[in-house]
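So you can see what is in the structure, the chains are spelled out below.
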Amino acid sequence: MPPLNYLAAGVIVISLIIYAVLGGADFGGGVWDALARGPRASAQRRTVAEAMGPVWEANHVWLIIVIVLLFVCFAPAFAALFTALNVPLSIALVGIMLRGSAFVFRAHGRQATGEVSIWGIVFSAASIITPVLLGSCFGAIVSGNIHVDPKTGAVNDYLAWLAPYPLLLGLLALAICAFLAAIYLTLETKGDLQEDFRKRAIGAWLVSVVLATLALPFSASAAPRIWAGLTSGFGLALVPAAVIIGAVAVIAVWQRRYQVARIAGIAQVALIIGGWALAQSPYLLYPDITIDNSASANAIILAMLIALAVGAIVLLPSMWLLYSLFKGHNPTASR
Amino acid sequence: MTDVVAARALTAISLAFHIIFSSIGIALPLLMVIAEGQWLRTKNRAYYDLARKWAKAAAILFAIGAVSGTALAFEFGLLWPGFMKVAGGVIGLPFGLEGFAFFIEAIFIGIYLYGWDKLSPRAHWLAGLPIAIAGPISGGFIVMVNAWMNSPAGFSYDPQSGAVTNVDPIAAMFNRAWGVEVIHMTIAAYLATAVATAAVYAWGMLQGRRDDYHRKALAICLTLIVLTAPAQFISGDANARFLAENQTTKFAAMEGQYQTQANAPLRIGGIPDPTTGKVNFDIEIAGMLSWLGYGDVNALVKGLNDVPVELRPATEIIHPAFQIMVGSGTLLLLVALASVIYAWRKRRVPDNKWLLRAILISGPFGFLAIEAGWVVTELGRQPFIIYNVMRTANAVTTAPGLIVYLATFVALYLLLAAMVIWFLRQMAGEQATQKEGSSLATT
């Protein structure tokens, strides 16, 4: 069995992947709300709202789980990350707060959700800004530009996220969120509306390919640790694997095999985040903070992991119930 | 404004905002489940309409609770990394457990809100139960963390090296203060929510809408008030005794006790003057404080003058806040007593004009008591963030520009508060313009 701190790090990465494929798609929904066009613009917005309504709060909890696991199992790393990335995380927090509240104000207010309203604009703007900032945080983490004074906790550079490479990763994160959301939405619609989201999925995929193609060679200088990971050992297989699975996803969308597309889309996100984590391991904040030098006491990591395992017994059937009720059989497709 | 003041102000505002929504998140599901359960049992339409109405309010209030809770999770790291560096690895476990409880709430609130037409009435009611159960559990876990800040346990800390050793997460969770604090806050959440909800329906009845819908709503809320208000007094007494034994400084600060003295008086009201070390304009009951704290009118109560000046909390705020909390609780207890006597004698839901007015006026006092109580708890611990272990000033972030965050978030909270108030008013207006609330079921 791997040491407890590595096990905990693995659980954090898995939670992050789940947040990306569930919560990420909710951000992507906001993108399609903003980009709703044509004769079915209102119907598109309504589809997004109805798809998110029952599940967005549960999806959002995965972010809380990631944060809590980080500060329980790697308390010093959490302190360092939230100091160094103070600015983008604060703005992302405003985005998260506005996104959630705007969504419910609009959904339960007097206006129909299909129409443009001030809360609709806030909802979509916050949905676009937040994943860009969260993505740029990853760019800053891997850049190696952030140094933390182990004694005072002071950070040399509060603006490491505001560089071309992190922002490029932020845009890539946004494009992937939009891609996932469009795939999921094809499974909630029929006819012309489904075709609308099919086209949007292909469009988002093309944008993400362009951004990834720009980011990859850039990594050599902007993210040396990741570059080294991707150009040696298992990493050599990672980029081709991501390319193939991404191609499978978009071909499945093209052929209107949306169930396959959903699985491939999720696999692609898992591969990207999992690959990033493996390439960066054992660093949590390259190059100063590692899984080893910032782990909390074994006693609390063990207690947390046991709590997770026990909690999963309640959580997993509950989640299954939620998604089978609302995501089972094209709930809105009959419209 | 220094960084630590800005960070404290922002944290205080965030907590003061969040505690209202988290209290509602604890108690409102219980009201929903009772109303829906009564509907299943009696088939009385008014109960169904109530459950639908409360669920609609819950949709907004839960979302605001979720986003303001997220803000706090971020703010721990954004504002207090020095604190989290120690606390995360010691008292993090209840945060993790709270994450699970919150998960269950979020999953079942989705099922409950959107499942009216997808589930059988009985299954739908059952889907409400996990929300009603997970709410107080999740609140309890968070209060356990606060209890640890007041009564730290389960670790050793070397302030020189910053090393945290001998971590025992279970001992940290079940620190000495957890029981009294968790019980006090959980009861407070039910009481405050029930009183605020009761006030809405008392107002409706005063406006002449004395229908079944209003009577049933008032009956459910008053039942909860009658059960919780006396319990809160007993719980409050237990807290005071705990503080008298374990946090003498906070006890002295909330009671305005400057001199160490035997036969110490209970000071009701009054404004402490830190320059003279006296409480002005108060009513004193001789020996009562000694008796309340230690069960003996001649017991010695330690005063603030025995505490070094730099370690003294702000009595001039804490004592009045404590008076507001106790005063509010007393008002609610009187309303509960009057209601129970009226209901018992007349054998019906109270509909007397004066009693309804009293309930209406009491509406905000449950939440006022909660806010004042947290002022006592948090300011009473200062200058420490972890009592006797870490100073608040040493826990604040080194990141610049906290004043910008403060301004941004104050604006954000004001906006959210305004929207929630607007939304709830709109909901109340809907009821006022409807006949017997029957069309509510379709909203």
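For the structure itself, look to the data block above.
A short tour of the structure in this document, coming up. (Residues numbered from 1 in each chain as written. Chains lettered and ligands numbered in written order. Predicted model: local features only at pLDDT ≥ 70, side-chain atom pairs only at ≥ 80, totals over all residues. Heavy atoms only, no water.)

Residue and element names in this part refer to chain B. Viewed as axis vectors pointing N to C, helix α1 (residues 3–42) and helix α2 (residues 45–79) meet at an angle of 155°, and their least axial separation amounts to 7 Å. Here α1 is positioned roughly antiparallel relative to α2, judged by the angle of their axes. As for the relative orientation of α1 and α2, their crossing is left-handed in sense. Partitioning the contact of α1 with α2 into residue classes produces 24 nonpolar, nine polar and three charged. (Axes fitted to C-alpha atoms, helices over the stretch in contact; angles between N-to-C directions. Helix = DSSP H or I, 4+ residues; strand = E, 2+ residues; numbered from the N terminus. Parallel < 35°, antiparallel > 145°, perpendicular 65-115°, else oblique. Left-handed = near helix turned anticlockwise from the far one by under 90°. Nonpolar A, V, L, I, M, F, W, Y, C, P; charged D, E, K, R; others polar.)

This structure, assessed with the given rule, holds 26 aromatic pairs over all chains. Each ring, one from Phe71 of chain A and one from Phe76 of chain B, has its centre 6.4 Å from the other, and the planes form 85°; the classification is edge-to-face. In this pair, Phe71 of chain A is assigned in helix α3 (residues 56–73) and Phe76 of chain B in helix α2, connecting two distinct chains. Measuring from centroid to centroid gives 4.4 Å for Phe78 of chain A and Phe82 of chain A, while their planes differ by 35°, and the two rings are tilted. (Phe/Tyr/Trp six-rings, centres within 6.5 Å; stacked < 30°, edge-to-face > 60°.)

Residue and element names in this part refer to chain A. Of note, the bond from Ser281 into Pro282 is cis; its omega dihedral lies within 30 degrees of zero at 5°. Backbone torsion omega between Tyr286 and Pro287 reads 0°, so that peptide bond is classified as cis. By the element assignment, Pro287 lies in the loop between β1 (283–285) and β2 (289–290).

Note: interface size is frequently given as the accessible area lost on complex formation between the parts. At the interface, 63 residues of chain B touch 64 residues of chain A. Counting each side, the surface lost to burial between chain B and chain A is near 5500 Å², with a carbon and sulfur contribution of 80%. When the buried surface of chain B facing chain A is broken down by residue, Phe74, Phe100 and Phe103 of chain B rank first, second and third, together holding 14% of it. Across the contact surface, chain B and chain A share zero salt bridges. Run the count over chain B and chain A and you get six residue pairs in polar contact (both at pLDDT 80 or more). At the level of secondary structure, the elements contributing two or more residues to the side of chain B that touches chain A comprise α2, α3 (81–114) and α13 (402–432) of chain B. Top contributing element to the side of chain B that touches chain A by residue count: α3 of chain B, with 24 residues. (Contact = heavy atoms within 4.5 Å. Buried area = accessible area lost by both parts, 1.4 Å probe. Salt bridge = Lys/Arg side-chain N within 4 Å of Asp/Glu carboxyl O. Polar contact = N/O pair within 3.5 Å; in protein donor to acceptor, adjacent residues only side chain to side chain.)

Residues and elements named next belong to chain A. Tallying each qualifying case throughout the model produces zero disulfides over all chains. This cysteine, Cys177, is not joined by any disulfide, and Cys137 carries the nearest cysteine sulfur, 13 Å off. Of the residues examined, Cys177 reaches a relative accessible area of 10% and is grouped as buried. (Disulfide = S-S within 2.5 Å. Buried < 20%, exposed > 50% of the residue type's maximum accessible area, 1.4 Å probe, protein only.)

Distances and angles like these do not, on their own, reveal function.
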